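If you want the building blocks of each chain, they are given just below.
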Amino acid sequence: MIPAAAASLGQQTRTGALHLTFERRAAQTVLVGEFQKAPLMIVRPFALPCGTLSVFVVNPTGGLLGGDHNDIQISVGPGARVLVLTQSATRVQPSASGTAATQTVQLAVAAGGRLEYYPERVLPFAGSRLVQSLRASLEPGAELGLTETLASGRVLSGERLKFAEYRSRTEVWCGPQRLYLDQWRLSPSPQTRAPGIWGELDYAASGVFVGPGTIQDWPAELGRLASGLTASGAVWLRAAAARGPLLDADLGAARQALRQQLFGASPLQIRR
Amino acid sequence: MNLRLLQLADSAFPSGAYAFSDGLETLTVRGEVRTAAELKAFLCGQLAHGWGQQDAPACALAWTGMLRAAPDELDALLDDLKLVRGPREASLRVGANLRRAALSLWPEELSTLPPTRHHAPTFGAVAAALGASQADTVTAYVSSWLLGRVAAATKLMKLGGLDAQRAARQAGDAAQDCIQHALRATVSDLGGFSPLLDIAAAEQPGLDSRLFQT
């Protein structure tokens with residue numbers, strides 16, 4: 001039997017919050033407002049050679065536990081260029097009660113602003129549940145790049161498809177028009193290994209890009225990555241791979257190609 | 001079961017659904033679905049995680065009409081959730097063909113049919129107007145998809161008709177689970193997870209030769 005104090009400790013949950021506001025001032029993007037509540041925090045923003053301001057989101061704990069909630073809000077003003085990354089994978093751990101960890105991400109980008117949000121992959125541990133939603137609200141003329149990556153589990157430890165549930169809803173709006181909607185819902189079953197679903201692969205990614213340019217050279221890798229236009233004109237991305245580094249390489253190349261064509265942007269040079 | 005529902009779900013009904021493989025063609029060309037066992041796995045996978053989590057619930061919800069989901073809301077959701085252009089446009093074409101044929105055959109019964117565009121909401125709304133029960137409607141819709149895929153498989157693979165039908169029979173439990181899930185679903189449940197079929201469907205227009213339309 002679990003002692004009462006330990007059981008109570010095990011039921012404690014955390015709500016992390018990270019609210020960031022960026023603006024363009026004196027020809028530079030600056031962080032003008034921030035609210036950080038542990039365990040979510042950022043390391044000091046730094047400008048990339050291209051002028052984009054880069055921010056790493058850090059979670060120094062062991063990850064999201066069942067019942068935990070993350071609240072992330074990012075606002076980008078006119079002309080600002082922002083890249084938000086996470087320092088490490090999001091590890092999702094189960095709770096004794098089976099409660100899901102939750103995360104909501106709200107992004108707002110003003111006309112002429114650009115926000116890119118490329119978190120590291122989600123690693124759902126055995127028995128874990130994650131329910132997350134991301135909503136991006138764009139003004140006409142705003143630019144957006146988003147990718148989301150899921151692993152089948154702690155693959156390097158041999159733990160695959162042992163999580164209980166993964167739900168991720170991503171939507172992008174421009175005024176009253178929805179440009180993109182994707183809803184991954186996966187409770188692993190023997191059918192998850194079917195051809196057409198995940199096969200024998202362990203990594204998958206999705207993404208959406210919105211910008212003023214047109215795509216002439218669509219990112220594609222046979223059987224591993226595809227892209228195209230949604231019904232409302234956003235660019236979607238799908239990728240899958242057997243190994244994380246291969247997925248990262250495919251995804252990185254696709255991001256650069258889309259950034260260059262949609263945003264007219266030079267390649268990102270990220271220092272880790 | 002309602003005779004008109006059986007007619008609506010029959011492969012000979014002029015909806016044009018037989019002309020599309022929704023990515024199965026790419027998987028067979030690439031050698032990922034070559035045998036009856038792999039076909040069964042493909043069918044079960046789609047019922048559990050792909051088509052069965054999106055189109056089957058959309059059909060069930062459309063049957064309820066305005067009670068639980070407005071048809072235009074379902075169509076808008078499917079416009080967005082079907083990321084890949086080929087399956088998205090196939091769903092719209094088959095929906096339009098089905099609607100046109102049904103209105104021609106049963107003009108009085110369908111005189112108040114709400115506007116629908118995609119295949120799933122159109123099937124659900126038409127079947128409801130023809131007096132079919134919701135459970136029968138979804139069962140017929142799932143059966144129609146299942147048998148449509150095995151018919152496509154016999155054209156795409158070295159697979160006899162009996163072996164293809166056996167694959168469909170072996171997917172029976174997955175089909176029943178799919179139907180039960182669809183009958184309980186809400187609008188917010190529409191989704192799924194089939195990244196490899198999405199990629200395959202996007203690659204289909206680039207195949208050297210094709211039996212099915214993109």
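Look up: the structure comes first, before these words.
Note that the structure is predicted; figures quoted are calculated from it, not measured. (Residues numbered from 1 in each chain as written. Chains lettered and ligands numbered in written order. Predicted model: local features only at pLDDT ≥ 70, side-chain atom pairs only at ≥ 80, totals over all residues. Heavy atoms only, no water.)

Q: With reference to specific residues and values, describe the overall build of chain B.
A: In terms of helices and strands, chain B carries 11 helices and zero strands. Written out in order from the N terminus, the α and β elements of chain B read α-α-α-α-α-α-α-α-α-α-α. Against the 2.2 N^0.38 benchmark of 17 Å for 214 residues, chain B shows a C-alpha radius of gyration of 16 Å, consistent with a compact globule. Across its three principal directions, the C-alpha atoms of chain B cover 45 × 35 × 30 Å. Within chain B, the fraction of its 214 residues that count as buried is 59%. Summarising the internal contacts of chain B: among those between residues at least 6 apart in sequence, 79% fall at separations of at least 24. Between the mean site of the 19 positive side-chain charges and the mean site of the 22 negative ones, chain B shows a separation of 4 Å. (Helix = DSSP H or I, 4+ residues; strand = E, 2+ residues; numbered from the N terminus. Rg over C-alpha atoms; globule rule 2.2 N^0.38 Å. Buried < 20%, exposed > 50% of the residue type's maximum accessible area, 1.4 Å probe, protein only. Contact = heavy atoms within 4.5 Å. Lys, Arg positive; Asp, Glu negative; His and termini not counted. Charge placed at Lys NZ, Arg CZ, Asp CG, Glu CD.)

Q: Tell me about the overall build of chain A, and please be specific about residues and values.
A: From N to C terminus, chain A includes two helices and 19 strands. Over its C-alpha trace chain A gives a radius of gyration of 19 Å, about what one expects of a compact globule, namely 19 Å for 272 residues. Principal-axis analysis of the C-alpha atoms places the extent of chain A at approximately 60 × 45 × 35 Å. Counted over contacts in chain A with a minimum sequence separation of 6, partners at least 24 positions apart contribute 72%. With 26 positive and 19 negative side-chain charges, chain A shows a separation of 3 Å between the mean positions of the two kinds.

Q: For the side chain of Thr86 of chain A, give the residues involved together with the corresponding values.
A: Residues and elements named next belong to chain A. Inspection of the secondary structure puts Thr86 in strand β8 (residues 81-86). On the basis of relative accessible area, Thr86 is assigned to the buried category, the value being 9%. In this structure the side chain of Thr86 is engaged in a polar contact, spanning 3.4 Å, whose partner is the backbone oxygen of Ser88. (Polar contact = N/O pair within 3.5 Å; in protein donor to acceptor, adjacent residues only side chain to side chain.)

Q: So what's going on with helix α2 (residues 244-263) of chain A? Residues and values would help.
A: Residue and element names in this part refer to chain A. Along its 20 residues, α2 runs 27 Å from first to last C-alpha, staying within 8% of the 28 Å computed at 1.5 Å per residue. Elements in contact with the buried residues of α2: β11 (114-118), β14 (143-151), β17 (203-210), β18 (225-229) and β19 (235-241). Just downstream of α2 lies Gly264, where phi reads positive at about 65 degrees. (Expected span 1.5 Å × (residues − 1).)

Q: Tell me about the interface of chain A and chain B, and name the residues and values.
A: At the interface, 35 residues of chain A touch 35 residues of chain B. Together, the buried faces of chain A and chain B total about 2,800 Å²; carbon and sulfur atoms form 64% of this surface. For chain A, the biggest contributors to the area lost against chain B are Arg185, Pro195 and Ile197 of chain A; these three give 23% of the whole. Linking chain A to chain B there are three salt bridges. Ranked by the residues each element gives to the side of chain A that touches chain B, the list is headed by strand β16 (residues 177-186) of chain A, at eight residues. Grouping the amino acids of the side of chain A that touches chain B by side-chain chemistry returns 19 nonpolar, 10 polar and six charged. (Buried area = accessible area lost by both parts, 1.4 Å probe. Salt bridge = Lys/Arg side-chain N within 4 Å of Asp/Glu carboxyl O. Nonpolar A, V, L, I, M, F, W, Y, C, P; charged D, E, K, R; others polar.)

Q: If you had to explain empty space enclosed by the protein to someone new, which residues and values would you point to?
A: Residues and elements named next belong to chain A. Applying the stated criterion across every chain, the model contains two cavities of 30 Å³ or more. Around the largest cavity sit 36 residues that line it, and Thr90, Gln103, Tyr117, Pro119 and Gln132 are the ones nearest its centre. Residues of the lining of the largest cavity, tallied by class, amount to 15 nonpolar, 16 polar and five charged. (1 Å grid on protein atoms, 1.4 Å probe; cavity = no way out; pocket = protein on both sides within 12 Å on 5 of 7 lines; lining within 4 Å. Points joined across faces, edges and corners; volume = space filled by probe spheres on them.)

Q: Residue-level account of the layout of surface pockets, with values.
A: Its boundaries defined by the atoms lining it, the second largest pocket holds a volume of some 390 Å³. Lining the second largest pocket are 22 residues, and of these Ser227 and Gly228 of chain A together with Arg85, Ala202 and Pro205 of chain B sit closest to its centre. Sort the elements by how many residues they give to the lining of the second largest pocket and helix α6 (residues 85-105) of chain B lands first, with six residues. Per-class residue counts for the lining of the second largest pocket are 13 nonpolar, four polar and five charged.

Q: Can you break down the sheet that holds strand β2 (residues 28-37) of chain A residue by residue, with the values?
A: All names here are of chain A. The seven strands are arranged β2-β1-β7-β10-β13-β15-β16 in an open sheet whose pairing can be described as mixed. Taken across any chain shown, the strands that pair with only one partner, and hence form the sheet edges, are β2 and β16. Taking the axes of each pair of neighbouring strands and ignoring which way they run, one obtains an average angle of 10 degrees across the sheet. Alignment of strand β13 (residues 129-138) against strand β15 (residues 165-174), held across 10 bridges, turns out to be parallel. (Pairing = 2+ DSSP bridges. Axes fitted to C-alpha atoms, helices over the stretch in contact; angles between N-to-C directions.)

Q: Talk me through a nonpolar patch on the surface; I want residue IDs and the actual numbers.
A: All names here are of chain B. A grouping of Met1, Leu3 and Leu6 is seen on the molecular surface, where their side chains present a nonpolar patch of about 340 Å² in accessible area. One can find Leu6 in helix α1 (residues 3-9). Using a relative accessible area of 42% as the deciding quantity, one classes Leu6 as partly exposed. (Patch = residues over 30% accessible without salt bridge, like charges linked within 9 Å, V, L, I, M, F, W, Y side chains within 5 Å. Areas by Shrake-Rupley, 256 points an atom, 1.4 Å probe, with all protein chains shown as cover.)

Q: So what about the nonpolar core? Which residues, and what values?
A: Core analysis: the largest hydrophobic core is formed by 64 residues, its most contacted members being Leu8, Leu39, Leu43, Leu47, Phe123 and Val142 of chain B. Among the elements that take part in this core, helix α8 (residues 134-156) of chain B stands out by supplying 10 residues, more than any other. Ignoring anything within four residues of it in the chain, the contact list for Leu47 of chain B reads Gly52, Gln53, Val142, Trp145, Leu146, Ala171, Ala174, Ala175 and Cys178 of chain B. Among the nonpolar cores identified, the runner-up in size contains 56 residues, and Val55, Trp184, Trp198 and Ala204 of chain A belong to it. (Core = buried A, V, L, I, M, F, W, Y, C linked by side-chain atoms within 4.5 Å.)

As far as function goes, none of this settles anything; it's purely spatial.
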